[in-house]
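Structural overview
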Amino acid sequence: MKIGWIGLGHMGIPMAANLLKAGYQLTVWNRNPQKAQELLDMGAGIVEKPADLWKHSDVVITMVSDDQAVKDIYTGQYQLLTPEAEGKIVIDMSTVSPETSRFLAEQSAKHQLSFLDAPVSGSVQPAREGTLIIMVGGEKSVYERVKPLFDVLGKMSLHLGDHGSGSKAKLAINLLLGITVQGIAETVQYAQNQGIDPKEMLTIINEAAVGSAISRGKTPSILAGEYPAAFPLKHMAKDLRLAHESGALSPLAESVYASYQAALQAGHGDEDVMAIMRLLNGK
Ligand code: NA7
């Protein structure tokens, strides 16, 4: 299988690099071509427009910001879906709404192209390590054909049902992530207001049953009061908005949706999701 890759952001670069390291022939396109340099140095090819990828690829993977970005790429100004794509496979690994995934599937089918939505759980470190969790919607036979690629990119992939199912599961897991991060922030702040040192409170959380990879991973950031983006807050705000729009209206879902929108409006979008702490402590 020869691979085409679109989207060289924080996630796209390490994921594409893993496919190159695994020996796949890879050709890339990115809106800003300068971001391709690291992959070109590793042996990737580059094209001038997305549809040119079909000359070099059996499968094209997209990993871009949001619903608007995938629509621009597939059917809007960048026109990935062209007659040359017939019989091939396109996989969107971006986090978008289930409606957008179904729209991309319909548009792909019009070009006799198989589509999978396959968003991931895990941020930059798991992307580098190839330990993402990949949630897949679409035809099972197509999933089985491309599973070797998912085995390179992730520690696990699950076929969950029809087009849009991957996106539904992704919004659900990120709802839990949003609630968890908000919960850690509120707990540490409440304890501090009561006179408990955040370092000690985080030790308690991390050793207790509620401790998790997230609480342990975010502890240094919270203690330093610095939030370099591992998973940018703007993406979490987007995911909670998409969950809200697709029916996550329960008490905690509504509450974290409002909280992350406020953090976005306060200018914390490019910081890590844990910068939600700043809304509570004002630092
Ligand atoms: P980044 O680092 O913000 O990268 C976003 C990528 O999407 C980057 O390659 C952008 O191109 C590309 N992009 C964004 N908008 C467009 C449009 N309109 N047209 C073409 N390309 C576009 O995101 P991450 O890698 O952290 O995350 C990717 C996904 O995983 C996202 O859905 C997360 O929620 C999860 P650029 O380099 O700016 O030219």
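A brief look at the structure comes next. (Residues numbered from 1 in each chain as written. Predicted model: local features only at pLDDT ≥ 70, side-chain atom pairs only at ≥ 80, totals over all residues. Heavy atoms only, no water.)

Description of the overall build of the protein
When helices and strands are tallied, the protein shows twelve helices and nine strands. On C-alpha atoms alone, the protein measures out to a radius of gyration of 20 Å, which is about the 19 Å that the 2.2 N^0.38 rule sets for 283 residues. Across the 283 residues in the protein, those meeting the buried criterion constitute 52%. Across the protein, every contact between residues at least 6 apart in sequence was considered, and the portion connecting residues at least 24 apart equals 65%. Counting only carbon and sulfur atoms, one obtains 52% of the accessible surface of the protein, whose full area is about 12,800 Å². Charge separation in the protein, taken as the distance between the mean sites of 25 positive and 30 negative side-chain charges, equals 2 Å. (Helix = DSSP H or I, 4+ residues; strand = E, 2+ residues; numbered from the N terminus. Rg over C-alpha atoms; globule rule 2.2 N^0.38 Å. Buried < 20%, exposed > 50% of the residue type's maximum accessible area, 1.4 Å probe, protein only. Contact = heavy atoms within 4.5 Å. Areas by Shrake-Rupley, 256 points an atom, 1.4 Å probe, with all protein chains shown as cover. Lys, Arg positive; Asp, Glu negative; His and termini not counted. Charge placed at Lys NZ, Arg CZ, Asp CG, Glu CD.)

Remarks on the packing of helix H3 (residues 67-74) against helix H4 (residues 98-110)
At their nearest, the axes of H3 and H4 sit 11 Å apart, and the two run at 5° to each other. Here H3 lies roughly parallel to H4, going by the angle between them. Along its contact with H3, which presents Asp67, Val70, Lys71 and Tyr74, the element H4 presents Thr100, Phe103, Leu104 and Ser108. Of the residues assigned to the contact of H3 with H4, the class counts are four nonpolar, two polar and two charged. (Axes fitted to C-alpha atoms, helices over the stretch in contact; angles between N-to-C directions. Parallel < 35°, antiparallel > 145°, perpendicular 65-115°, else oblique. Nonpolar A, V, L, I, M, F, W, Y, C, P; charged D, E, K, R; others polar.)

A word on H4
Helical periodicity: at 3.6 residues per turn, an α-helix aligns residues three or four positions apart in one direction. With 13 residues, H4 should reach 18 Å at 1.5 Å per residue; the first-to-last C-alpha distance of 19 Å fits that figure. Turning to H4, the residues buried within the fold contact H3, strand S5 (89-92), strand S6 (114-117) and helix H7 (165-193). Backbone geometry just downstream of H4 places Gln112 in the positive-phi region, at approximately 55°. (Expected span 1.5 Å × (residues − 1).)

Focus on the site of the ligand
Contacts to the ligand come from 21 residues, most closely from His10, Asn30, Lys35, Ser65 and Lys238. Residue Asn32 places a main-chain N or O atom 2.9 Å away from an oxygen atom belonging to the ligand. A distance of 3.3 Å is found between an oxygen atom of the ligand and a side-chain nitrogen or oxygen belonging to His235. Protein chains shield 89% of the accessible area of the ligand, which is 800 Å² for the free molecule. Counting residues per element, the ones that place at least two in the shell around the ligand are H3 and helix H10 (233-245). Of the residues contributing to the shell around the ligand, the split by class is seven nonpolar, ten polar and four charged. (Near = heavy atom within 4 Å. Polar contact = N/O pair within 3.5 Å; in protein donor to acceptor, adjacent residues only side chain to side chain.)

Points about the nonpolar core
Counting residues in hydrophobic clusters, the biggest one holds 36 residues, and the most contacted among them are Trp5, Met15, Ile91, Met93 and Phe150. Listed by contribution, the elements that provide at least two residues to this core are strand S1 (3-6), helix H1 (12-21), strand S2 (26-29), strand S4 (59-62), S5, helix H5 (124-129), strand S8 (132-137) and helix H6 (140-153). Core analysis: the second largest hydrophobic core is formed by 30 residues, Tyr227, Leu240, Leu242 and Val273 among them. (Core = buried A, V, L, I, M, F, W, Y, C linked by side-chain atoms within 4.5 Å.)

So, the side chain of Thr62
Inspection of the secondary structure assignment puts Thr62 in strand S4. Aside from chain neighbours lying at most four places away, what touches Thr62 is Ile6, Ile73, Tyr74, Leu80, Ile91, Asp92, Met93 and Ser94.

Concerning the pairing of strand S9 (residues 154-161)
Sheet analysis places S8 next to S9, joined by six bridges and oriented parallel. Directly across from Met135, in S9, lies its bridge partner Leu158. With H6 bridging S8 and its parallel neighbour S9, the resulting β-α-β unit is right-handed. (Pairing = 2+ DSSP bridges. Right-handed = clockwise from strand over helix to strand, strands pointing away.)

Some words on the pattern of salt bridges
Two side chains carrying opposite charge are able to pair once their charged atoms lie near each other. Applying the stated rule across the entire model yields nine salt bridges. Close ionic contact of Lys147 with Asp151 constitutes a salt bridge, the shortest N to O distance being 3.1 Å. You can see Lys147 and its partner Asp151 sitting in helix H6, four residues apart, about one turn around the helix. Using a relative accessible area of 30% as the deciding quantity, one classes Lys147 as partly exposed. A salt bridge links Asp239 to Lys238, with the shortest nitrogen-to-oxygen separation between them at 3.6 Å. (Salt bridge = Lys/Arg side-chain N within 4 Å of Asp/Glu carboxyl O.)

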